[in-house]
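What the coordinates show
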Amino acid sequence: MRTAGNGRNEIQRVRVIDSHTEGEPTRVVISGGPDLGSGTASDRLERFRQFHDGFRDAVINEPRGHRAMVGALLCEPHQERALTQVIFFNNVGWLGMCGHGTIGVATTLAWLGRIEPGSHRLETPVGDVKIVLRADGIVSVRNVASYRWGAAVAVQTRHHGTITGDVAWGGNWFFLVSEHRQRLELANLEALTALCHDVRSSLAAAGITGAAGAEIDHIELFGDPSRPDADSRNFVLCPGGEYDRSPCGTGTSAKMACLWADGKLAPGATWRQEGITGGLFTGSFELADGKVLPTISGRAWVTSEAELVLQADDPLRQGIRAP
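Residues numbered from 1 in each chain as written. Predicted model: local features only at pLDDT ≥ 70, side-chain atom pairs only at ≥ 80, totals over all residues. Heavy atoms only, no water.

**Examining the packing of helix 1 (residues 41-51) against helix 2 (residues 53-60)**
Between helix 1 and helix 2, whose axes approach to 5 Å, the crossing angle comes to 85 degrees. One finds that helix 1 runs roughly perpendicular with respect to helix 2. Only Asp53, Phe55 and Arg56 of helix 2 make contact with helix 1, whose side of the interface consists of Phe48, Arg49 and Phe51. Looking at the contact of helix 1 with helix 2 residue by residue, the classes come out as three nonpolar, no polar and three charged. (Axes fitted to C-alpha atoms, helices over the stretch in contact; angles between N-to-C directions. Helix = DSSP H or I, 4+ residues; strand = E, 2+ residues; numbered from the N terminus. Parallel < 35°, antiparallel > 145°, perpendicular 65-115°, else oblique. Contact = heavy atoms within 4.5 Å. Nonpolar A, V, L, I, M, F, W, Y, C, P; charged D, E, K, R; others polar.)

Rendered as structure tokens:
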């Protein structure tokens with residue numbers, strides 16, 4: 001961690017590289033992050049959560065970041081075969097896995113000259129993922145095993161009547177809804193956000209959860225695509241209250257698990273998921289021991305290289321905490 005000065009004038013400098021994956025931003029911390037010790041990604045995540053939450057706020061939230069940004073902290077791998085360990089976080093907490101963020105990490109490492117086209121392994125708090133970087137910049141992510149936990153689950157919302165959807169895991173917990181009576185267009189952003197907030201709070205009030213009582217913190221709406229090369233368009237509300245600008249990698253993984261469970265998508269078949277801003281992820285999956293193992297492909301672009309400055313006497317050193 002680079003610092004300068006002492007006492008009230010101490011300065012912490014954090015080097016970051018920003019990118020966007022099909023519209024969704026990722027901020028990768030290259031240096032200047034907290035020392036999380038040794039161990040697995042889940043071990044380090046717990047130390048991050050307990051002792052360094054202020055760093056998360058400082059890097060992601062205003063005035064240095066914004067609500068839609070996802071952060072990625074790189075750590076030394078626990079296993080020799082892994083390229084790096086990565087912990088994803090956002091404006092309100094941590095993510096077990098992040099599909100668009102993983103594509104952003106791969107693109108950032110390529111930008112830095114740390115990886116060449118080929119196959120690489122990353123450690124995340126929910127398991128290892130494999131990435132394949134192509135010469136044209138497209139990144140494929142072999143995600144963690146995904147599955148549907150509950151089919152056609154009905155929830156009585158406060159403002160939108162009864163909404164029915166599937167509960168599924170794709171690295172994060174999702175409630176996936178196809179029948180929502182909404183236009184999936186950015187012009188309808190306010191109504192889409194309000195519906196998803198209503199569904200999420202209603203799920204919590206009704207005690208509807210994922211496995212082991214896990215909170216369902218992502219709501220995903222589906223509809224007809226606007227581009228001819230897509231099978232579906234989605235709108236995803238993320239835990240921090242912002243919508244996913246990309247087609248959402250973990251959400252697309254959860255969707256494919258549900259399609260397979262319904263007999264609508266076969267192993268090896270392609271699913272093309274359009275995001276609300278028009279970006280596209282290409283997905284497919286294979287079965288191993290009865291588990292859906294998704295692969296998501298997309299593209300990221302580096303947008304900036306920066307050094308964040310955290311001054312000791314800055315009243316907003318640790319950012320503006322999200323409500």
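**Points about the packing of aromatic side chains**
As enumerated under the stated definition, the model contains seven aromatic pairs in all. Arranged with centres 5.4 Å apart and planes meeting at 75 degrees, the rings of Phe48 and Phe89 form a pair that is edge-to-face. Here Phe48 is found in helix 1, whereas its partner Phe89 is found in strand 5 (residues 84-89), with 41 residues between them in sequence. Both residues of the pair, Phe48 and Phe89, count as buried. Taking 6.4 Å as the distance between ring centres and 75 degrees as the angle between the ring planes, the aromatic pair formed by Trp149 and Trp173 counts as edge-to-face. In this pair, Trp149 sits in strand 10 (residues 147-156) while Trp173 sits in strand 12 (residues 173-177), placing the two residues 24 residues apart along the sequence. Under the relative-accessibility criterion, Trp149 is labelled partly exposed at 48%. Accessibility expressed as a relative area gives 7% for Trp173, which makes it buried. Lying over the aromatic face of Tyr243, Arg245 brings its terminal NZ or CZ to 3.9 Å of the ring centre. Taking the ring centre of Phe222 as reference, the NZ or CZ of Lys255 above it sits at 4.1 Å. (Phe/Tyr/Trp six-rings, centres within 6.5 Å; stacked < 30°, edge-to-face > 60°. Buried < 20%, exposed > 50% of the residue type's maximum accessible area, 1.4 Å probe, protein only. Lys NZ or Arg CZ within 6 Å of the ring centre and 35° of its normal.)

**A short note on the nonpolar core**
The biggest cluster of nonpolar side chains holds 56 residues, and the ones touching the most others in it are Phe88, Val105, Phe175, Leu203, Leu221 and Phe235. Broken down by element, the residue count for this core peaks at five residues, all from helix 4 (residues 189-206). Counting 18 residues, the second-largest nonpolar core is a separate cluster that includes Val14, Leu36, Val59 and Trp94. (Core = buried A, V, L, I, M, F, W, Y, C linked by side-chain atoms within 4.5 Å.)

**Observations regarding helix 5 (residues 249-261)**
With 13 residues, helix 5 ought to run about 18 Å at 1.5 Å a step, and its terminal C-alpha atoms sit 19 Å apart, in line with that. Summarising burial for helix 5: 11 of the 13 residues are buried, a large majority. By the burial criterion, the buried members of helix 5 are Gly249, Thr250, Gly251, Thr252, Ser253, Ala254, Lys255, Met256, Ala257, Cys258 and Leu259. Just downstream of helix 5, Gly263 is the residue with a positive phi angle, here 75 degrees. (Expected span 1.5 Å × (residues − 1).)

**As for the pairing of strand 17 (residues 291-298)**
In terms of burial, strand 17 is a largely internal element, six of the eight residues being buried. Of the strand pairs in this sheet, strand 9 (residues 139-142) and strand 17 are connected by four bridges, and their pairing is antiparallel. Along strand 17, the bridge assignment pairs Val141 with Ile296. Sheet analysis places strand 16 (residues 280-288) next to strand 17, joined by seven bridges and oriented antiparallel. By the bridge assignment for strand 17, Leu287 is matched with Val292. Between strand 16 and the antiparallel strand that follows it, strand 17, lie two residues; Asp289 among them carries a positive phi value of about 55 degrees. (Pairing = 2+ DSSP bridges.)

**As for the environment of Gly170**
Here Gly170 lies in the loop between strand 11 (162-169) and strand 12. Looking at Gly170, the relative accessible area reads 0%, which means it is buried. C-alpha separation for the pair Gly170 and Pro77, spaced 93 residues apart in sequence, amounts to 23 Å. Among residues more than four places away in sequence, those in contact with Gly170 are Asn143, Val144, Ser146, Thr250, Ser253 and Ala254.

**Looking at the side chain of Glu242**
Structurally, Glu242 is set in the loop between strand 14 (232-237) and helix 5. For Glu242, a relative accessible area of 19% corresponds to the buried category. A distance of 3.1 Å separates a polar atom in the side chain of Glu242 from a polar atom in the side chain of Arg67. Here the side chain of Glu242 touches Arg245 through a polar contact of 2.9 Å, side chain to side chain. Filtering out sequence-adjacent residues up to four positions away, Glu242 remains in contact with Arg67, Ala68, Val236 and Leu237. (Polar contact = N/O pair within 3.5 Å; in protein donor to acceptor, adjacent residues only side chain to side chain.)

**Some remarks on the pattern of salt bridges**
Across all of its chains, the model carries 19 salt bridges by this definition. Here Arg81 makes a salt bridge to Asp128, at a shortest N to O gap of 3.5 Å. Placement of Arg81 in the loop between strand 4 (70-75) and strand 5 and of Asp128 in strand 8 (residues 127-133) is noted, with a sequence separation of 47 residues between them. For Arg81, a relative accessible area of 56% corresponds to the exposed category. Take Asp128: its relative accessible area is 25%, and that puts it in the partly exposed class. A salt bridge links Asp166 to Arg148, with the shortest nitrogen-to-oxygen separation between them at 3.1 Å. Of this pair, Asp166 sits in strand 11 while Arg148 sits in strand 10, and the two are 18 residues apart along the sequence. Exposure remark for Asp166: the relative accessible area of 13% places this residue in the buried category. (Salt bridge = Lys/Arg side-chain N within 4 Å of Asp/Glu carboxyl O.)

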